[in-house]
Amino acid sequence: MAVLRCIRCSSTFEPYPPNYKCPRCGGLLEYEIDYENLKKEKFSGKFDFWRYRKFLPKIRNKATLGEGGTPLHRAERLASRLKVRNVYLKDETRNPTNSFRDRSAALMVSNAMDMNYQAVVCATNGNLGASLAAYCAKYGIVCHVIVPKLVDMGKLAQMLIYDAIIEEHGETVDESIEKAEKLAEEAGWYQATPELNPLVIEAQKTIAYEIFEQEGTPDWMIVSMGSGGTIYSIWKGFKELQLLGKADSTPRMVGVQAQNCSPIIDKLEGKVKRQKKNLTHALAILVRKPLQEELAIKAIKESNGKAMAIPDQEIISAEHEIARLEGIFAEPASSATIAALKKLVDEGIIEKNERVVCLITGSGLKATDILQSLTKKRKTVGIGLEISTKERILRILSERESYGYEIWKKLGKTMTRPAVYQHLNELEQRGLITSFIKKKRKFFKITRRGERVLEAINELKILL
Ligand SMILES: [Zn+2]
């Protein structure tokens with residue numbers, strides 16, 4: 001039987017209804033399952049969230065949309081770029097509403113059904129609201145969502161389509177949480193705010209269980225931090241695997257925040273002063289007063305881990321990198337883990353042969369800023385030096401077909417011939433030119449697609 005235990009004074013309490021704060025000392029409460037009795041239990045059933053049911057606090061109902069059992073991709077191209085061997089991405093974008101929060105929504109909605117609640121409330125930066133709204137829709141429960149002014153459009157769209165009742169409160173999620181805490185008390189709604197319901201940590205610890213079953217315990221686990229609950233969940237999962245006698249080691253945990261909003265790292269490093277600006281494009285981790293910072297710090301310290309603050313530009317460039325190299329469109333908060341990995345490798349902290357898992361919490365399709373910057377980028381193709389050599393090659397070939405040496409001459413011999421061949425290769429890969437052999441020479445020829453691109457460039461130039 002699970003109990004709720006205070007992380008400060010160790011008092012224990014009844015597990016339901018879930019409460020997050022110790023009534024004696026104000027410390028945070030967490031669930032503790034009966035490790036001794038569970039040692040003999042095996043994971044059983046299909047590879048999904050419910051496979052770990054016995055290791056969660058007791059739930060009778062099962063609210064599900066097919067959550068968990070997400071892939072752990074081996075990121076070979078990214079790894080070779082970083083000059084390390086074993087990088088894995090835990091791809092939580094593959095959950096029903098495209099984020100890791102579906103695990104939490106499944107468990108909390110099941111629990112709300114067990115306790116006969118008709119309505120739930122949560123404060124959210126986005127992902128949890130989207131998840132909760134979907135699960136409530138499926139089980140006919142009224143879903144109240146409190147969002148801050150700064151929230152990703154895609155996540156808001158999900159809440160709307162799943163018919164949640166949405167209220168805007170505060171600039172960041174910190175104020176929304178206070179509001180949700182009051183509302184649950186006054187209206188008697190089920191409290192589903194991740195910071196205020198300890199079942200969320202239980203639900204998310206299954207990510208660690210899955211990683212362990214997929215590739216064993218990694219040496220490093222990199223997770224982004226907003227309120228601090230997620231990194232702790234994963235740490236708790238790995239620790240439990242050890243307590244249950246299944247794993248013989250635990251990973252070192254790396255907590256990542258955006259440089260402009262890094263209250264947990266400031267606290268960890270003993271900086272008292274909070275930064276003035278406190279704003280980041282990674283909205284999922286824009287939290288100014290992290291309620292679970294005590295837990296995040298505990299995870300980092302106990303695991304002999306690290307904390308990293310990453311500037312927004314590096315988050316964005318990592319975002320593009322994992323998309324281009326690994327085919328994964330991550331939300332900026334999770335691309336921050338890739339940027340952190342890069343730094344740790346550069347600094348020699350993560351070694352070449354060590355095994356690293358980065359947690360990809362949610363899909364980039366939900367993130368407003370990313371979508372906007374990408375559409376802007378599409379409009380500006382055709383500017384920039386590299387493009388202009390390719391453009392010149394296309395113009396040469398639009399007059400008549402030609403071979404490498406001739407193209408190089410026509411370009412004015414200003415660059416090396418291998419560089420010209422590199423451009424020709426890239427143009428061919430993109431289907432803008434094709435090649436064929438004539439008189440033992442390799443000739444190049446513009447394609448229909450290449451002609452259309454040239455026309456588009458011409459039109460763009462009129463606009464500029
Ligand atoms: Zn206490």
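Here the structure is shown first, and the text comes after it.
All values reported here derive from a predicted model rather than from experimental measurement.

### What to know about the layout of surface pockets
Where empty space is left in the structure can be found by rolling a water-sized probe over the atoms.
Line of reasoning, step 1. Here the second largest pocket defines a volume of roughly 330 Å³.
Line of reasoning, step 2. In terms of lining, the second largest pocket is formed by 15 residues, of which the most central are P18, N19, A184, W189 and Q191.
Line of reasoning, step 3. Elements with a contribution of two residues or more to the lining of the second largest pocket: α6 (173–187) and β9 (190–191).
Line of reasoning, step 4. Grouping the constituent residues of the lining of the second largest pocket by class yields nine nonpolar, four polar and two charged.

### Overview of unusual backbone geometry
The phi torsion of most residues other than glycine is negative, and most of the peptide bonds are trans.
Line of reasoning, step 1. A cis amide bond links Y16 to the next residue, P17, at an omega of -5°.
Line of reasoning, step 2. Examined against the element boundaries, P17 turns out to sit in the loop between β2 (12–13) and β3 (29–32).
Line of reasoning, step 3. For N98, which is not glycine, the phi torsion reads 70° and is therefore positive.
Line of reasoning, step 4. Relative to the assigned elements, N98 resides in the loop between β5 (86–91) and α3 (101–114).
Line of reasoning, step 5. For N98, a relative accessible area of 32% puts it in the partly exposed group.
Line of reasoning, step 6. Despite not being glycine, N304 has its phi angle at roughly 55°, a positive value.
Line of reasoning, step 7. Position of N304 among the secondary structure elements: in the loop between α10 (293–302) and β12 (306–310).

### Brief notes about the sheet that holds strand β14 (residues 402–403)
Line of reasoning, step 1. An order of β14-β16-β15 is seen for the three strands of this open sheet, with the pairing classed as antiparallel. Here the strands that pair on one side only, and so sit at the sheet edges, are β14 and β15 (433–438).
Line of reasoning, step 2. The sheet contact formed by β14 and strand β16 (residues 441–446) spans two bridges and is antiparallel. Across the sheet, the residue bridging to S402 is F444, located in β16.
Line of reasoning, step 3. Contacts from helix α16 (residues 417–429) reach β15 and β16, with the element oriented near 115° to β15.

### Description of the coordination of the zinc ion
Line of reasoning, step 1. Every protein donor of the zinc ion is listed here as C6 (SG), C9 (SG), C22 (SG) and C25 (SG), and their distances to the metal cover 2.3 Å.
Line of reasoning, step 2. Taken together, the four donor atoms coordinating the zinc ion span angles of 97 to 115° at the metal, a pattern that classifies the geometry as tetrahedral.
Line of reasoning, step 3. Positions of the donor residues of the zinc ion along the chain correspond to the pattern C-x2-C-x12-C-x2-C.
Line of reasoning, step 4. For C22, a relative accessible area of 3% gives the class buried.
Line of reasoning, step 5. Look at C25 and you get partly exposed, because its relative accessible area is 30%.

### Focus on the nonpolar core
Line of reasoning, step 1. In terms of nonpolar packing, the biggest core is built from 88 residues, with V120, L132, C143, Y209, M221, I231 and I234 touching the most fellow members.
Line of reasoning, step 2. Residue contributions to this core peak at nine residues, all from helix α7 (residues 199–215).

### Remarks on the sheet that holds strand β10 (residues 220–224)
Backbone hydrogen bonds hold the strands of a sheet together, and the pairing may be parallel or antiparallel.
Line of reasoning, step 1. A sheet is described by the order of its strands in space; here six strands give the open sequence β4-β5-β13-β10-β11-β12, paired in mixed fashion. Both outer strands of the open sheet, β4 (72–74) and β12, are each paired with one neighbouring strand and no more. Recorded for the sheet is a direction-independent mean angle of 25° between the axes of neighbouring strands.
Line of reasoning, step 2. In this structure, β4 lies alongside β5, joined through three bridges in antiparallel fashion. Bridge pairing in β5 places H73 opposite L89.
Line of reasoning, step 3. α7 rests against β4, β5, β10 and β13 (355–360) of the sheet, and its axis sits at about 135° to β5.

### A short note on the pairing of β15
Within a regular beta strand, the side chains point alternately toward one face of the sheet and then the other, so they alternate between its two faces.
Line of reasoning, step 1. Pairing between β15 and β16: six bridges, direction antiparallel. In the strand pairing of β16, I437 is matched with K442.
Line of reasoning, step 2. Between β15 and β16, which follow one another and run antiparallel, lie two residues, and K439 among them has a positive phi close to 50°.

### Description of the packing of helix α4 (residues 127–139) against helix α5 (residues 153–161)
Line of reasoning, step 1. Their axes nearest at 8 Å, the elements α4 and α5 cross at an angle of 20°. By the angle between their axes, α4 is roughly parallel relative to α5. As for how α4 packs across α5, the hand of that crossing is left-handed. The residues of α5 that touch α4, namely those facing N127, G129, A130 and A133, are K155, Q158 and M159.

### Here we look at the environment of P418
Line of reasoning, step 1. Checked against the element boundaries, P418 lands in helix α16.
Line of reasoning, step 2. When the C-alpha atoms of P418 and N19 are compared, they prove to be 66 Å apart, with 399 residues separating the residues in sequence.

### Brief notes about the side chain of S110
Line of reasoning, step 1. Relative to the helices and strands, S110 is located in helix α3.
Line of reasoning, step 2. Excluding its chain neighbours within four sequence positions, the residues that come into contact with S110 are W50, I59, N61, K62 and A63.

### Things to note about the environment of H144
Line of reasoning, step 1. Mapped onto the secondary structure, H144 falls in strand β7 (residues 142–147).
Line of reasoning, step 2. With a relative accessible area of 13%, H144 lands in the buried category.
Line of reasoning, step 3. When the C-alpha atoms of H144 and E178 are compared, they prove to be 14 Å apart, with 34 residues separating the residues in sequence.
Line of reasoning, step 4. Contacts of H144, omitting those with residues within four sequence positions, involve A119, V120, V121, C122, I165 and W189.

Rules used in this analysis
- Residues numbered from 1 in each chain as written.
- Predicted model: local features only at pLDDT ≥ 70, side-chain atom pairs only at ≥ 80, totals over all residues.
- Heavy atoms only, no water.
- 1 Å grid on protein atoms, 1.4 Å probe; cavity = no way out; pocket = protein on both sides within 12 Å on 5 of 7 lines; lining within 4 Å.
- Points joined across faces, edges and corners; volume = space filled by probe spheres on them.
- Helix = DSSP H or I, 4+ residues; strand = E, 2+ residues; numbered from the N terminus.
- Nonpolar A, V, L, I, M, F, W, Y, C, P; charged D, E, K, R; others polar.
- Buried < 20%, exposed > 50% of the residue type's maximum accessible area, 1.4 Å probe, protein only.
- Pairing = 2+ DSSP bridges.
- Contact = heavy atoms within 4.5 Å.
- Axes fitted to C-alpha atoms, helices over the stretch in contact; angles between N-to-C directions.
- Donors = N, O, S within 2.8 Å, 3.2 Å for Na, K, Ca; no water.
- Tetrahedral: all angles 85-135°; square planar, octahedral: opposite > 155°, others 65-115°.
- Core = buried A, V, L, I, M, F, W, Y, C linked by side-chain atoms within 4.5 Å.
- Parallel < 35°, antiparallel > 145°, perpendicular 65-115°, else oblique.
- Left-handed = near helix turned anticlockwise from the far one by under 90°.

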